[in-house]
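Survey of secondary and tertiary structure
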Amino acid sequence: MRKPHAKLHNYAMFDWNDLKHLLAVARQGSTNAAARELAVNQSTVHRRLAELERRIGLRLVHRHPTGYRLTEVGEQLLPLFVEVAGSVSKLERGILSLKNELTGTVRLTCPEPVLSRIFSSGFIDRFHQRYPALKIEFVTSDRYVDLAKGEADVAFRSGEPNDERLVGRKIADSTWAVYASRDYVARRGQPRSLQELSGHDLIGFDGIMENHRATQWLAKAVPGARIVARNNSVLGVVAAIKSGLGVAPLPIPIGDAEEELLQVLPLVGELTRAWYLLCHPDHRTAPRISAFIDFVVEELPLLKKVLGG
């Protein structure tokens with residue numbers, strides 16, 4: 001016959017990995033999205049949730065037509081689960097730091113236009129305060145650098161990943177709107193709709209951005225557009241808009257940061273994409289890379305503003 005205290009002992013036991021899956025479902029609202037975040041199969045998420053509920057003896061989630069939601073009990077326990085997750089993460093970082101003596105360089109690649117926003121946000125300074133012996137080195141290029149070939153360690157990259165050799169997670173949304181300079185609007189007026197854009201001077205993309213979604217959208221939304229200038233970089237287009245040459249779509253964080261520019265048409269849904277944190281799986285478990293990825297996860301609320309506006 002099982003002793004009474006044995007049941008109580010088992011009731012209090014749960015696997016930390018099971019809790020990670022529950023928190024991912026709570027954040028994402030679905031087991032499919034949670035599986036993508038954790039880089040596991042959806043069936044694994046289901047199995048982990050079931051095991052956690054079995055171990056603690058409480059129902060934590062229930063399924064809705066729109067996805068998974070926490071039960072009332074799950075909602076009550078969520079703050080405690082988050083607190084446990086934070087404590088465990090802190091403990092893991094402490095162990096990792098002592099065990100591996102985190103030193104070296106993390107080479108981060110990202111689009112050049114967001115560099116200044118990342119710096120001004122304090123993200124880099126806070127990382128260096130957390131890990132004094134680690135240094136972030138930026139790798140910028142007119143093209144996507146090849147993580148699989150070791151040209152960089154990690155990447156902030158917008159758009160759905162098309163390199164099956166990489167792993168990662170979504171960290172923000174990339175949103176775009178249409179901008180003009182205050183001087184241009186004063187001289188030519190403000191377009192109020194897509195239809196009115198056909199009567200305005202437009203700035204297009206060229207070179208490596210010739211096939212960018214913004215180029216394709218502009219050609220489709222404004223057939224026969226009057227293109228007065230083209231540029232092969234977002235920063236070049238920003239400069240052209242600021243000079244008063246014409247109107248063009250820009251990432252909202254970049255356009256809104258320029259005092260000389262006005263958002264003349266709101267968010268363009270067709271241009272919205274996701275920002276991803278990517279790395280090669282062979283590098284994912286390297287202590288310095290793991291430390292950086294964990295730090296990014298902690299900084300997600302800030303990075304969503306920095307990258308997505």
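Not measured: the values here are computed from a predicted model. Throughout, a residue's number is its position along its own chain's written sequence, starting from 1. Local features in this predicted model are restricted to residues of pLDDT 70 or higher, and side-chain atom pairs are both shown and tallied only at a pLDDT of 80 or more, whereas totals for entire chains, interfaces and linings draw on every residue. Only hydrogens and water are set aside; all other atoms, that is, all heavy atoms of the structure, feed into the side-chain values.

Turning our attention to the pairing of strand β8 (residues 201-205). Successive side chains on a regular strand alternate, one facing one side of the sheet and the next facing the other. The buried fraction of β8 amounts to 5 of the 5 residues, a majority that puts the element mostly inside the structure. Burial along β8 is two-sided: the residues Asp 201, Ile 203 and Phe 205 and Leu 202 and Gly 204 are all buried. Seen with its strands pointing away from the viewer, a crossover is right-handed if its path from the first strand over the helix to the second goes clockwise. Only DSSP runs of H or I with at least four residues qualify as helices, and only runs of E with at least two residues qualify as strands; both kinds are numbered from the N terminus onward. The handedness of the β8 to strand β9 (residues 226-231) crossover, carried by helix α10 (residues 213-221), is right-handed. Here's how the labels work: a residue is buried when its accessible area is under 20% of the maximum for its type, exposed when over 50%, partly exposed in between, all with a 1.4 Å probe on protein chains only.

With that settled, the discussion passes to the layout of surface pockets. Residues are said to line a cavity or pocket when one of their atoms sits within 4 Å of a point; the points come from a 1 Å grid over protein atoms alone, cavities being sets where a 1.4 Å probe fits but cannot get out and pockets being open sets with protein on both sides within 12 Å along at least five of seven lines. Grid points are joined across faces, edges and corners, and a volume is the space filled by probe spheres set on the points. The computed volume of the second largest pocket comes to approximately 1100 Å³. If you trace the second largest pocket, you find 44 residues lining it, with Pro 111, Tyr 144, Ser 158, Met 209 and His 212 closest to the centre. Mapped onto the lining of the second largest pocket, the elements with two or more residues apiece are β5 (154-158), α11 (234-242), α12 (252-256), β12 (273-279) and α15 (300-308). Gly is put with the polar residues, along with every residue not named as nonpolar or charged; the nonpolar set is Ala, Val, Leu, Ile, Met, Phe, Trp, Tyr, Cys and Pro, and the charged set is Asp, Glu, Lys and Arg. For the lining of the second largest pocket, a count of residues per class yields 22 nonpolar, 12 polar and 10 charged.

Strand pairing in a sheet relies on backbone hydrogen bonds. The paired strands run either parallel or antiparallel. Taken together, 5 strands build an open sheet; the order of strands is β4-β3-β5-β12-β6 and the sheet is mixed. The open sheet has two free edges, formed respectively by β4 (134-139) and β6 (167-174), since each of these has just one partner strand. Between one strand axis and the next, the sheet turns through 20° on average, direction left out of account. Being paired, for any two strands, means DSSP has found at least two bridges between them. Taken together, the 6 bridges between strand β3 (residues 104-109) and β4 define a ladder with parallel strand orientation. Among the inter-strand pairings, Val 106 is bridged to a residue of β4, identified as Ile 136. Each axis is a line fitted through C-alpha atoms, taken for helices only over the stretch in contact, and angles between the N-to-C directions span 0 to 180 degrees.

Before going further, it helps to examine the sheet that holds strand β7 (residues 176-181). Taken in spatial order, the 3 strands line up as β10-β7-β11 in an open sheet, and their pairing is antiparallel. Because the sheet does not close on itself, it has two edges, and the strands there are β10 (248-251) and β11 (261-265). Taking the axes of each pair of neighbouring strands and ignoring which way they run, one obtains an average angle of 55° across the sheet. Bridge count between β7 and β11: 4 bridges; the pairing is antiparallel. The residue of β11 that forms the bridge with Ser 181 is Leu 261. Contacts are assigned to residue pairs that have any heavy atoms within 4.5 Å of one another. Packing against the sheet, α11 makes contact with β7, β10 and β11, and its axis sits at approximately 125° to β10.

Moving on to the confidence of the model for the protein. A residue's pLDDT is simply how confident the predictor is in it, with values from 0 to 100. Residues at a pLDDT of 70 or more form 93% of the protein, whose mean pLDDT is 86. Predicted confidence is poor over residues 1-12, with pLDDT under 50, and the contacts of this stretch with residues over four places away or in other chains come to 5 contacts.

Another aspect to go through is the nonpolar core. Buried together is how nonpolar side chains tend to be arranged in soluble globular proteins. For our purposes a nonpolar core is just a set of buried Ala, Val, Leu, Ile, Met, Phe, Trp, Tyr and Cys residues, chained together by side-chain atoms within 4.5 Å. Judged by nonpolar contacts, the single largest core of 31 residues is most densely connected at Val 178, Ile 241, Val 247 and Leu 250. Elements represented by at least two residues in this core include exactly β7, α8 (182-188), β8, α10, α11, β10, α12 and β11. Setting aside anything within four residues of it in sequence, one finds Val 247 in contact with Val 178, Tyr 179, Ala 180, Tyr 184, Leu 197, His 200, Asp 201, Leu 202, Ile 203 and Val 264. Ranked by size, the runner-up nonpolar core spans 30 residues in total, among them Leu 134, Trp 275, Leu 277 and Leu 303.

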